[in-house]
Amino acid sequence: MPYLRLLVDDVAFAVRAVLVCQRHGKLLVEAGDYPFRNLPGGAVNTGEALEAGAAREWREETGVNAGPLRLLALVENFFELKGRRWHELGFYYGLDAPDALPDTRICNADHAVNHLDWVRADIADGKPIYPTAALSLLPSPCWTCPPANSGTSSTVKVKASLGGT
């Protein structure tokens, strides 16, 4: 199936499933040949349910099954990457770190030039985590979210429940 990405008036539009995973005060982030880090995930396929796309992307990137996912938010993001303008709708899912996931660097099984690391999001080391609006999803009070750059991304939190209040 093709990814749910479109080119409209020279702007790429994408629907992305993103995973927010923490362990021992650290966040799992992806890094590669670009000057920033991002959360693991990727484009949803046409005809694929969002949660199924999130689970597929997690498995492709980590080699480990995701387990239960919780919808956290919808983040709309506008950015430029490698000379292309992007408009992205990111559906952010939280998950507990599976026991099978190592505490050390993980080679991204889907993109061999990328890797996944556990980092503290509140310590700047020269490579920011984008989109910055997504950092507001992290529950720990030690995490900080710098203000969004000129309205380039926004977060809509979603309340999801499985019954009860």
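Residues numbered from 1 in each chain as written. Predicted model: local features only at pLDDT ≥ 70, side-chain atom pairs only at ≥ 80, totals over all residues. Heavy atoms only, no water.

- Named according to an unreviewed UniProt entry, the protein is NUDIX domain-containing protein originating from Deinococcus antarcticus.

A word on the pattern of salt bridges
Here comes step 1: For the coordinates displayed, the defined rule picks out 8 salt bridges.
Here comes step 2: Residue Asp33 is joined to Lys82 by a salt bridge in which the shortest nitrogen-to-oxygen separation is 3.9 Å. Of the two residues, Asp33 sits in the loop between β3 (26-31) and β4 (37-38) while Lys82 sits in the loop between β6 (70-81) and β7 (84-96), which places them 49 residues apart along the sequence.
Here comes step 3: A salt bridge links Arg70 to Asp96, with the nearest nitrogen and oxygen atoms 3.7 Å apart. Taken together, the residues Arg70 in strand β6 and Asp96 in strand β7 connect sequence positions 26 residues apart.
Here comes step 4: Linked by salt bridges that have partners in common, Glu48, Arg56, Glu57 and Glu60 make up one network. (Salt bridge = Lys/Arg side-chain N within 4 Å of Asp/Glu carboxyl O. Helix = DSSP H or I, 4+ residues; strand = E, 2+ residues; numbered from the N terminus.)

Comments concerning the environment of Asn77
Here comes step 1: Here Asn77 is to be found in strand β6.
Here comes step 2: Residues Asn77 and Ala134 lie 57 residues apart in sequence; the distance between their C-alpha atoms is 9.7 Å.

Focus: the packing of aromatic side chains
Here comes step 1: Counting across every chain of the model gives 3 aromatic pairs.
Here comes step 2: Look at Tyr34 and Phe36: their rings are 4.6 Å apart centre to centre, the planes differ by 35 degrees, and that puts the pair in the tilted class. Like Tyr34, the residue Phe36 is buried in the burial classification.
Here comes step 3: Summarising the aromatic geometry, the rings of Phe36 and Tyr130 are spaced 5.5 Å apart at their centres and angled 45 degrees between planes, so their arrangement reads as tilted. Of this pair, Phe36 sits in the loop between β3 and β4 while Tyr130 sits in strand β10 (residues 129-130); the two residues are 94 residues apart in sequence, bridging distant segments of the chain.
Here comes step 4: Here the aromatic residues Tyr34, Phe36 and Tyr130 are joined through ring pairs into a cluster of three or more. (Phe/Tyr/Trp six-rings, centres within 6.5 Å; stacked < 30°, edge-to-face > 60°. Buried < 20%, exposed > 50% of the residue type's maximum accessible area, 1.4 Å probe, protein only.)

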